[in-house]
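# Remarks on the overall topology
Residues per chain, in single letters:
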Amino acid sequence: MRPGSEAELCEAVRAAAAAGRGLRVAGTGHSFTPLCATDGTLVSLDDWQGVVAIDPARRQATVRGGTKLHALGEPLLAAGLAMPNLGDVDVQALAGAVSTGTHGTGPGLRNVSSQVVGARLVLATGDVLALDAEREPERLAAARVALGLLGVLAELRLQLVPAYRLHERIWRTGIEECLADLARDVAATRHYEFWWYPHKDYAERKALAVTEAEPESVAGRKGERIDWSARVLPSVRELRFNEMEYSVPAASGPECFRALRERMRSRWPDVVWPIEYRTLAADSAWLSTAHRRDSVAISLHQDARLDPDAFFADCEPLFVEHGGRPHWGKLHTRKAGDLAALYPEWSRFQSLRRELDPRGVFANAYLRELLGFE
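This section reports on the structure supplied with the text.

Looking at where W268 falls in the secondary structure, it is placed in the loop between α7 (253-267) and β15 (275-280). Judged by its relative accessible area of 23%, W268 is partly exposed. Sequence separation between W268 and F311 is 43 residues, and the spatial gap between their C-alpha atoms is 7.3 Å. Other than its neighbours up to four places away in sequence, W268 contacts R263, A310, F311 and D314.

Spelled out as structure tokens, the structure:
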């Protein structure tokens, strides 16, 4: 089903609830977990996209939930604005990126959901709940990263920043040199990350700094470019893979990475896909992987043509030992009993879910098991 208006979206929810069916919303299918699976009604928001309004004075934009992230950069730039941060790809629908805690990198930068200061949430009754950061801060904090369990994010109001250019530098070094420089590089750079390639034991390092320089000033320099933020932050991902990602407390990041590196070198020498290492500032969303703690997000990858289960299962305990929270859209084996201890607002989220959707219209089998409810 592809509603083309908020009224049609509300009617789709009412019809599913009246028929006793579940309803899930699909974005672009970027998640590796079955968040959108349903034997009921599957809704696509592909016909519900676009920027509704831009308020340059308040540096805010109201955007429909189905809008793809890659479609936001140019309209915002035309108004002299930009999103503070993006993930490393921009194919996702905005509502999906918000709902799963999608993030980029930067020690002072929070995930995409933290940019949401208002929303229109279609409830299980088909009614619309208007959320605002000033009037409904608690409910908005719950709805920012909610896996679609509280309702459908029909519209989102984003808090933006003035448009900015980024100077990107990518270079390779040995991994020990990378780790020796890590604290300095993270502290000195707005966006910093690295990939460790196990087959040659080197790091590909990437730093992005805000600049007022023109793109032509780095023309011809290998591994460097300058452009507006929305054109620099996303990367192109053409190869298919499976992924596991955990966010660990920032202080545990280097130790956790070293443990993963040692395990891969000793037990999984045939895995050639890299580990990705990124930073993430604490935020207030109840189910955010960075809730109340600065974090390091570490990602494992495996070729999509190969079974990743044994490799991921052998590495996952290392994330757990370091207090890791799994990314909601990426592969993991944690269940409700494990997760409840990791999220201070877990019980409050469950209570709000029961209040807003007592019949579980927005649940599916996977989410019922993941969150531990009937």
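As a further point, take helix α5 (residues 175-188). Spanning 14 residues, α5 covers 19 Å between terminal C-alpha atoms, matching the ideal 20 Å at 1.5 Å per step. The largest bend in α5 amounts to roughly 55° and is located at L182. Of the positions making up α5, those classed as buried are I175, C178, L179, D181, L182, D185 and V186.

To continue, consider the side chain of S295. Here S295 is to be found in strand β16 (residues 295-303). A polar atom in the side chain of S295 sits 3.0 Å from the backbone oxygen of R293. Discounting chain neighbours no more than four positions away, the residues touching S295 are S247, V248, P249, A250, R278, T279, L280, T289 and A290.

All right, on to the environment of E214 then. When you line up the elements, E214 lands in the loop between β12 (202-211) and β13 (224-228). Polar side-chain contacts of E214 include one of 3.4 Å to the side chain of R165.

With that settled, the discussion passes to helix α10 (residues 346-356). In an α-helix, one turn spans 3.6 residues, which is why side chains three or four residues apart end up on the same side. Of the positions making up α10, those classed as buried are W346, F349, Q350, L352, R353 and L356. Angularly, the buried residues of α10 cover 165° about the axis, an arc narrow enough to put them on a single face. Taken together, the buried residues of α10 touch α4 (137-144), α9 (336-340) and α11 (365-371).

Turning our attention to the packing of α5 against α7. Direction vectors running N to C along α5 and α7 enclose 165°, while the axes themselves pass 12 Å from each other. The pairing of α5 with α7 is recorded here as roughly antiparallel in orientation. Classified by chirality, the crossing of α7 by α5 is left-handed. Residue-level contacts link I175, E176, L179 and L182 of α5 to P254, F257, R258 and R261 of α7. Grouping the constituent residues of the contact of α5 with α7 by class yields 5 nonpolar, no polar and 3 charged.

Rules and cut-offs
Residues numbered from 1 in each chain as written. Predicted model: local features only at pLDDT ≥ 70, side-chain atom pairs only at ≥ 80, totals over all residues. Heavy atoms only, no water. Helix = DSSP H or I, 4+ residues; strand = E, 2+ residues; numbered from the N terminus. Buried < 20%, exposed > 50% of the residue type's maximum accessible area, 1.4 Å probe, protein only. Contact = heavy atoms within 4.5 Å. Expected span 1.5 Å × (residues − 1). Bend = angle between axes of the 7 residues up to and from the residue. Polar contact = N/O pair within 3.5 Å; in protein donor to acceptor, adjacent residues only side chain to side chain. Arc of directions from axis to C-beta. Axes fitted to C-alpha atoms, helices over the stretch in contact; angles between N-to-C directions. Parallel < 35°, antiparallel > 145°, perpendicular 65-115°, else oblique. Left-handed = near helix turned anticlockwise from the far one by under 90°. Nonpolar A, V, L, I, M, F, W, Y, C, P; charged D, E, K, R; others polar.

Everything listed here is a matter of coordinates, which is why it stays silent on function.
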